[in-house]
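# Residue-level structural notes
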Amino acid sequence: MRSVCPHDCPSCCSLEVSVENGRITTVVGDPHHPFTRGVICGKVHAYAERVHSPLRVREPLRRVGPKGAGVFESASWDDAVAEIARRWRGIIAAHGGEAILPFSYAGTMGQVQFHAGHPLFHALGASLLDRTICVTTAYAGWKATVGAVTGNDSEQMVGADLIVLWGINAAYSTINVMTLVKAARARGARVMCIDPYRTPTAAGADEHLMVRPGTDGALALAVMHVLIGEGLVDRDYVDRATVGFEALAEHVKAWPPERAAAICGLPAERIVTFARRYGASPRTFIRIGIGLSRHDNGGMTCRTLACLPALTGAYADPHGGALLSTGGAFGLGFAALERPDLMPMPAPRIVNMIQLGRALTDPAMAPPVKGLYVYNSNPAAVCPDQNVVLRGLAREDLFTVVHEQVLTDTTRWADIVLPATTSMEHEDLYRSFGHLYLQLAEPVLPPQGQARSNWETFGLLARAMGVAGEAYAKPVGQVIDEALAAGDETVRGITYDQLARERSVRINVPRPYLPFAHGAPTPSGKVELYSEALATAGLPALPTWMPLLEGPDDVERARRYPLQCIVPPNRFFLNSSFSQSDLLRSRQKTPTVMLAAEDAAARGVRDGDEVRVFNDRGAARFTARITDATRPGVAVIEGIWWHRFHPGGAGVNVLTSDRTADMGGGPALHSNLVEIAAARHRSPA
Ligand SMILES: Nc1nc2c(c(=O)[nH]1)N[C@H]1C(S)=C(S)[C@@H](COP(=O)(O)OP(=O)(O)OC[C@H]3O[C@@H](n4cnc5c(=O)[nH]c(N)nc54)[C@H](O)[C@@H]3O)O[C@H]1N2
Ligand SMILES: Nc1nc2c(c(=O)[nH]1)N[C@H]1C(S)=C(S)[C@@H](COP(=O)(O)OP(=O)(O)OC[C@H]3O[C@@H](n4cnc5c(=O)[nH]c(N)nc54)[C@H](O)[C@@H]3O)O[C@H]1N2
Ligand SMILES: [Mo]
């Protein structure tokens, strides 16, 4: 049977699922899908483990033990919904609707189940959640240059001469890009990877530039210096499709490669060689990851990288250009899903999700958050400044409902847990942030236990609260049709019936897809090398490198915490999802910190030792791996293990800050200083 991977990954794979006796037996990639091409990751290959997990939530649960003990009794859906409605009514009467805070992210990328809570929470006048945890910083920076969250079709990179994988560990985080990279390489394309550590993606490239974290902006400015200085610029493209070239040319005179070399930790000659290779042809494709935006200067970095293909005219080449995300290429009618018309005016306050801990603990919050409803997310594990988040979740006066598929770190803190269906059990429409296909998935299994989808659950809650009932009084298929019908030309004519027949439909964009070939949807209609909008927002109008707020230039902090610590995804989990799987945990082995030999030696740490990683925010235990895959001064902690499977019970995000990055309100997860100390030698495996 056909399905679609629901997880928060640009690949959004088309799946073939076999079911026997009500259980999933195998999951493989659809060989005919033009982007999936029969390849899926090890996580989803093992999907039966997730759907039929012993940790599945199969019935509603009500807390009986102390808060956080994770002791529950079973409850009926009727009783659970009635209790939630009773508690919410009390909270709204005493403190108003804003005292209720929905908290969700992208547990599923299915558009109906992702947005399912919006109509209800709008109708209740609940606080609005700014969903910043992943892409908003990257998107704000990207849009400053090219105006829209889209870019060249990654399928086109197969014909490129040079592919630059910039801050993206595609071998882990979107494996299908590697299929395209391999095909390009077989044709003779050169592949470069720019990453602070040697990921498998970097190891498989022709060249790896191991930059210091947060210095890509400086690198790109020096590349521009060489391109402009050596006349490797497409004057025709620059003249017709960009604004601000003269100002940029003047500005980057101050960025000779030697200056960037000292900042990035690279030899100046390698920067010059890179720039010349990049400038040799417009058939250069830069695939930019979201990862490199998770720094204090991350928005500006994305804005700066987006300028490079404009200088060489690569944006107009059928095999060139750049892609950060295709998320904005899908012009669905989101209002049909989100129902902003149900919101009271003036609009309720906005809470930035990465500051959940503050929102739950800050005495200045007026009204205080009294009711928290979590779905599609595991904030206890994924949110930065975790110790503060956990302090908030521990509040006795906070009424917390968690709608989940599995018993996560967050369900432990719930007053009520509701059982959620997986994508194998409910219907949804999927867009992607890495390709250009809309996909529909129908259930391949009945709901497991008493699980209900987000859509059904919010429908029950809306009826119990006596609001927004009409919004939920329609089947998912009808909502999908409405979102398509209210969309723009990119989805015009695509219907639910067509998707039900064909499963995957390319949106209405041309092939080759060159959205910035003649300019860009910015205020000026051009690719903005100079951005008036940024200047108005109080940011530099020209691409500018700024040192990290929490980095080596923060001299006082760096004295106490001398190691930069980046926290990228690991291979076998997706954020914290799949942490529940015995199989995938055993493949991932143990929470690990990678360290260069000289950093380890300076601390008396040997390979395999258990170490304590700490800063002012918190401390957690990891197994040390000594490796030349990272440079001295940079520690790497991959992946988010659930606390319950973490030695010592604290996870990586006790270390990270809830400080917002330069643009878009997202987190600077990788701008992180720590110290490491040996906990004891040779922990028994
Ligand atoms: N296996 C797996 N796949 C995933 C996920 C997962 O957790 N596991 N998460 C999914 C999600 S939600 C997302 S948003 C995407 C994210 O996937 P990507 O867009 O690939 O982003 P990240 O993996 O966060 O980071 C990519 C790389 O950026 C590097 N990086 C960090 N700082 C810098 C820097 O300053 N400069 C440069 N050049 N590179 C830097 C990291 O070392 C990492 O190798 O992946 C999705 N896919
Ligand atoms: N240290 C560190 N922290 C990070 C990151 C990092 O790279 N390093 N990455 C950040 C990024 S990019 C992101 S996107 C966030 C992700 O943060 P989250 O969106 O919280 O991601 P997950 O950990 O995958 O948790 C999603 C949860 O949703 C549940 N779920 C899935 N489908 C459904 C459904 O249909 N209904 C309901 N009710 N629940 C469902 C899953 O069971 C899962 O527990 O984490 C961020 N945190
Ligand atoms: Mo993400």
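Residues numbered from 1 in each chain as written. Chains lettered and ligands numbered in written order. Predicted model: local features only at pLDDT ≥ 70, side-chain atom pairs only at ≥ 80, totals over all residues. Heavy atoms only, no water.

### With respect to the pairing of strand E23 (residues 592-595)
Condition: DSSP-based pairing: two strands are paired if at least 2 bridges between them are found. Secondary structure elements are taken from DSSP: a helix is a run of H or I of four residues or more, a strand is a run of E of two residues or more, and numbering for both begins at the N terminus.
Bridge analysis of E23 against strand E25 (residues 619-626) gives four bridges, and the strand direction is parallel. Opposite Met 594, over in E25, you have Arg 625 as the bridge partner. Pairing of E23 with strand E26 (residues 634-637), which is carried by two bridges, proceeds in the antiparallel orientation. By the bridge assignment, Val 593 is partnered in E26 with Ile 637.

### Some thoughts on the site of ligand 2
For clarity, the threshold we go by: Being near a molecule or strand, for a residue, means having at least one of its heavy atoms within 4 Å of it. Contacts described as polar in this section are N or O atom pairs within 3.5 Å, which, within protein, must combine one atom able to donate a hydrogen with one able to accept it, while residues neighboring in sequence count only if both atoms come from side chains. Per-residue and other accessible areas were derived by the Shrake-Rupley procedure at a 1.4 Å probe size, with only the shown protein chains allowed to occlude residues. The residue classification treats Ala, Val, Leu, Ile, Met, Phe, Trp, Tyr, Cys and Pro as nonpolar and Asp, Glu, Lys and Arg as charged. All others, Gly included, are polar. Where each domain begins and ends follows an automated or database-derived domain assignment.
Ligand 2 sits among 32 residues. The nearest are Arg 50, Ser 377, Glu 404, Ser 576 and Ser 577. Within the side chain of Arg 50, an N or O atom sits 2.7 Å from an oxygen atom of ligand 2. Between an oxygen atom of ligand 2 and a main-chain N or O atom of Leu 574, the distance comes to 3.3 Å. Relative to its unbound accessible surface of 930 Å², ligand 2 loses 97% to contact with the protein. Looking at the shell around ligand 2 residue by residue, the class counts come to 13 nonpolar, 15 polar and four charged. Both domains that furnish three or more residues to the shell around ligand 2 are identified here as domain 1 (61-134 + 334-424 + 448-491) and domain 3 (555-682).

### A short note on the site of ligand 1
Around ligand 1, 33 residues are found, and the nearest of them are Asp 195, Gly 214, Asp 216, Ile 290 and Phe 573. A distance of 2.6 Å separates an oxygen atom of ligand 1 from a polar atom in the side chain of Asp 195. Gly 291 has a polar backbone atom sitting 3.0 Å from an oxygen atom of ligand 1. Starting from 900 Å² of accessible surface for ligand 1 in isolation, the protein chains cover 98%. Split by residue class, the shell around ligand 1 holds 16 nonpolar, 11 polar and six charged. There are two domains that each give the shell around ligand 1 at least three residues, and those are domain 2 (152-324 + 516-536) and domain 3 (555-682).

### Examining the sheet that holds strand E12 (residues 284-288)
So the rule is basically this: Lines are fitted to the C-alpha atoms to define the axes, a helix being fitted only along its stretch in contact, and any angle between axes, read from their N-to-C directions, falls within 0 to 180 degrees. The criterion used for residue contact is that any of the two residues' heavy atoms lie within 4.5 Å.
Taken in spatial order, the five strands of this open sheet run E10-E9-E8-E12-E13, and their pairing is parallel. The two strands at the open ends of the sheet, each matched to only one other strand, are strand E10 (207-209) and strand E13 (321-323). Direction aside, neighbouring strands of the sheet carry axes that sit 15° apart on average. By the bridge criterion, five bridges tie strand E8 (residues 162-166) to E12 in an arrangement that is parallel. Residue pairing across strands places Leu 165 opposite Arg 287, the latter belonging to E12. Helix H14 (residues 268-279) rests against E8, strand E9 (190-194), E10 and E12 of the sheet, and its axis sits at about 120° to E10.

### Regarding the domain arrangement of the protein
Each assigned domain of the protein is listed here: domain 1 (61-134 + 334-424 + 448-491), domain 2 (152-324 + 516-536) and domain 3 (555-682). Taking only C-alpha atoms into account, the centre of domain 1 sits 39 Å from that of domain 2.

### Observations concerning the sheet that holds strand E20 (residues 504-506)
Across the sheet, three strands lie side by side as E18-E19-E20; this open sheet has antiparallel pairing. For this open sheet the edge positions go to strand E18 (428-430) and E20, each flanked by a neighbour on one side alone. Strand-to-strand twist in this sheet, taken as the mean axis angle between neighbours without regard to direction, amounts to 20°. Strand direction decides the pairing type here: E18 and strand E19 (residues 437-441), joined by three bridges, are antiparallel. Bridge pairing links Tyr 430 to Gln 439 in E19.

### With respect to the nonpolar core
Stated formally: Working definition of a nonpolar core: buried Ala, Val, Leu, Ile, Met, Phe, Trp, Tyr and Cys residues. They are joined through side-chain atoms within 4.5 Å. Here the term buried applies to any residue with accessible area under 20% of the maximum for its type, exposed to any over 50%, and partly exposed to those in between, with areas from a 1.4 Å probe on protein chains only.
Counting 119 residues, the largest nonpolar core has Trp 166, Leu 219 and Leu 308 as the members making the most contacts within it. Looking at this core element by element, the count peaks at 10 residues for helix H10 (residues 216-229). Listed in part, the 50 residues of the second largest apolar core include Ala 468, Val 479, Val 505 and Tyr 513.

### Details of H10
Stated precisely, the cut-off is as follows: In a helix, the anticipated span is given by 1.5 Å times the number of residues less one.
Given a rise of 1.5 Å per residue, 14 residues ought to cover 20 Å, and the 20 Å separating the end C-alpha atoms of H10 matches this to within 8%. Burial analysis of H10 places 12 of its 14 residues in the buried class, which makes it a mostly covered element. Listing the buried residues of H10 in full gives Asp 216, Gly 217, Ala 218, Leu 219, Ala 220, Leu 221, Ala 222, Val 223, Met 224, Val 226, Leu 227 and Ile 228. Remark: Gly 231 follows H10 within two positions and exhibits a positive phi of approximately 70°.

### With respect to the packing of aromatic side chains
Put simply, the test is: Only Phe, Tyr and Trp rings are paired, with Trp represented by its six-membered ring, and only when their centres lie within 6.5 Å; those with planes under 30 degrees apart are stacked, over 60 edge-to-face, the remainder tilted. Two thresholds decide whether a charge sits over a ring: the Lys NZ or Arg CZ must be within 6 Å of the ring centre and within 35 degrees of the ring normal.
This model, assessed by the stated rule, comprises 17 aromatic pairs. By the ring-pair criterion, three or more aromatic residues cluster together here, those being Trp 88, Phe 121, Tyr 373, Tyr 375 and Phe 458. Its end group placed over the ring of Phe 578, Arg 50 keeps NZ or CZ at 5.4 Å from the ring centre. In this structure, Arg 452 is placed above the aromatic ring of Trp 77, and the distance from its NZ or CZ to the ring centre is 4.9 Å.

### Comments concerning the packing of helix H6 (residues 136-146) against helix H15 (residues 298-305)
Quick reminder of the rule: Two helices crossing with the near one rotated counterclockwise from the far one by less than a right angle form a left-handed crossing, whereas a clockwise rotation gives a right-handed crossing.
Viewed as axis vectors pointing N to C, H6 and H15 meet at an angle of 35°, and their least axial separation amounts to 7 Å. Here H6 runs over H15; the crossing is right-handed. Where H6 approaches H15, its residues Thr 137, Ala 138, Gly 141, Trp 142, Ala 144 and Thr 145 are matched on the opposing element by Gly 298, Gly 299, Cys 302 and Arg 303. When its residues are assigned to classes, the contact of H6 with H15 shows four nonpolar, five polar and one charged.

### Remarks on the pairing of E26
Taking every second residue as pointing to the same face, both faces of E26 are buried, with Val 634 and Val 636 on one and Ala 635 and Ile 637 on the other. Judged from the three bridges that link them, strand E22 (residues 563-566) and E26 form a sheet pairing that is parallel. Across the sheet, residue Gln 564 finds its bridge partner in E26, namely Val 634.

### Points about H15
Counting buried positions along H15 gives eight out of eight residues, so the element sits mostly inside the fold. Buried within H15 we find Gly 298, Gly 299, Met 300, Thr 301, Cys 302, Arg 303, Thr 304 and Leu 305.

### So, the confidence of the model for the protein
Applied cut-off: Along the chain, pLDDT gives the predictor's confidence residue by residue, from 0 to 100.
The predicted model of the protein has a mean per-residue pLDDT of 97, with 99% of residues at 70 or higher. Across the protein, strand E15 (residues 371-375) holds the top mean pLDDT of 99, while strand E27 (residues 673-680) sits lowest at 92.

### Thoughts on the environment of Pro 569
Note on placement: Pro 569 falls in the loop between E22 and helix H27 (582-588). Linking Pro 569 and Tyr 172, residues 397 residues apart in sequence, is a C-alpha distance of 7.7 Å. Residues within four places of Pro 569 in sequence aside, it is in contact with Tyr 172, Glu 638 and Gly 639.

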